[in-house]
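Architecture at a glance
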Amino acid sequence: MEEKQNNIIQTDTSKRNVISSLLWKFLERGGTQGVQFVLSVVLARLVSPADYGVIALILIFIQIATVFVQSGFNTALIQKRNADEVDFSSVLYMSLAVAAVMYAVLFFASPFIASFYGNSVLCPLVRVLSLTLFFGALNSVQSAYVSKTMQFRRFFFSSMGGALGSGIAGIILAYKGFGVWALVTQQLVNISLMCVILWFTVEWRPKLIFSLQRTKTLFCFGWKLLCSGLLDTVFRNIYGLLIGKIYNSTQLGYFNRGQQFPSVIATNLDGSIQSVMLPALSAHNDSKEEVKRLARRSISTSSYLLMPCMFGLAAIAGPLVRILLTEKWLSCVPFLQLACISYALYPIHTANLTAINAMGRSDIFLKLEIIKKCVTVLTLCITARLGIIAMAIGQVITSFISIFINSYPNGRLLNYRYREQLADIFSPLVLALIMFAFVWCVGLLRFSDLATLLIQLPVGALVYFAGSRLLKLDSYIYLVGTIKGFRK
């Protein structure tokens, strides 16, 4: 039953609010990822690579189930310009119902998963960790509300609280010898704490109203994102599924840990920008010129920030892993360096896809995902039996090909073509490569690991920012001007 008095949830897209939201998102991502990084380093010293491999394998199945739970509703709520309380409440109840179904599927499928991978401990682990689906359903709608109203400071408190609480719980259990169960507890405490904190800090509460018609309308947009998300999640994790089966959980632990370092930085920087850009772009989706302008700014700014981080991380990978994780994790270094190459170009992927979603073209989004997954399958067929390093190299090749696939539609939709996009990232790319050369050379001087890092970090920062100022890079000038203007 629908009520006419339900308020439409508005999006404030003024420049000041967009920048304020972006800063809060950076604080949330940066603070959370910083805390999680420190805690993960402690946990990595207490548990084995095999334990990390087991939890990474289970999380793949949880992530696939989560796609069904969200069903694209999260993005649909943000994209819908006149979304109201009926929409949000209806989506919550539908998501909880789907979560119950998916939990039942995983509960009864867990013995078969354990048998397939030859590891009996997977059965109880899957059943316990699948409880996160219910918290994820609530958190998805809470996050959509926060994004829609651009109250990103709320994310800061929930994410920080979840990271701190779950990290402490995980470390205590790992120290007492609980191994993989410490990692399971960390995941459960994290998502539950986030939901609880958002419940007390965000004004939105679900109402006892449900409209099947509203959910159908939202699903008309969201089902394409569901299919796209399912394809993306399965194929993003297909490497882990194959490594866990063809090789072993220890090798999967190295591969997963190598991916984790650059992923943390990329999701913090670029993910923060895209989280804010989706509601901002959606609010202007009736003006192609404005969407193009915002998309260009998103690509250039995100690339300027992310590229030096990725190439710098690749250059310092060896001493960094030895200092933080100890020698037992040194085998993850090649995977880390290859992942840095893929994530350096991440902004081109995400900005183009965000613009396509903001224009309401989820049909195009789905077609792109299908094409990219065909490329992934072809690459895996060639590399899977050649070794894990060959698979990681294939992942980089697939990422390069995907740039052209993701960019193509916006040539027609926004008149934002390859040449313009490559021009927008060319200067920061060249400068980041120059910085990489300087930092890499420092690593050849054979100092101790700690001394090498203490020299590499300031050298990299000095080369990049001095070069930015000397060359008067547009993104550098824009960021400096924006920060000064916001402070005033």
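Rules of the game
Residues numbered from 1 in each chain as written. Predicted model: local features only at pLDDT ≥ 70, side-chain atom pairs only at ≥ 80, totals over all residues. Heavy atoms only, no water. Helix = DSSP H or I, 4+ residues; strand = E, 2+ residues; numbered from the N terminus. Buried < 20%, exposed > 50% of the residue type's maximum accessible area, 1.4 Å probe, protein only. Contact = heavy atoms within 4.5 Å. Areas by Shrake-Rupley, 256 points an atom, 1.4 Å probe, with all protein chains shown as cover. Polar contact = N/O pair within 3.5 Å; in protein donor to acceptor, adjacent residues only side chain to side chain. Axes fitted to C-alpha atoms, helices over the stretch in contact; angles between N-to-C directions. Parallel < 35°, antiparallel > 145°, perpendicular 65-115°, else oblique. Left-handed = near helix turned anticlockwise from the far one by under 90°. Nonpolar A, V, L, I, M, F, W, Y, C, P; charged D, E, K, R; others polar.

Regarding the overall build of the protein
Within the protein one finds 19 helices and zero strands. A burial count over the protein gives 56% of its 488 residues as buried. For the protein, the proportion of contacts with a sequence separation of at least 24, taken over those separated by at least 6, is 85%. Surface exposure of the protein reaches about 21300 Å², of which carbon and sulfur atoms provide 67%.

Let's talk about the environment of Arg45
Turning to its location among the elements, Arg45 is positioned in helix H1 (residues 15-46). Arg45 sits 280 residues away from Leu325 along the chain, and the two C-alpha atoms are 6.1 Å apart. Apart from residues lying up to four places away in sequence, Arg45 is in contact with Ile323, Leu324, Thr326 and Lys328. Polar contacts involving the side chain of Arg45 include one to the main-chain carbonyl oxygen of Ile323, which spans 2.7 Å.

Brief notes about the packing of helix H17 (residues 418-443) against helix H18 (residues 449-471)
Packing of H17 against H18 brings their axes to within 9 Å, and their N-to-C directions diverge by 155°. When the axis of H17 is compared with that of H18, the two are roughly antiparallel. Like other packed secondary-structure pairs, H17 and H18 cross with a definite hand, here right-handed. Along the contact surface, H17 presents Pro428, Leu431, Ala432, Ile434, Met435, Phe438, Val439, Val442 and Gly443, while H18 presents Thr452, Ile455, Gln456, Val459, Gly460, Val463, Tyr464, Gly467 and Ser468. Its residues assigned to classes, the contact of H17 with H18 shows twelve nonpolar, six polar and no charged.

Treat this as a map of the structure, not an account of what it does.
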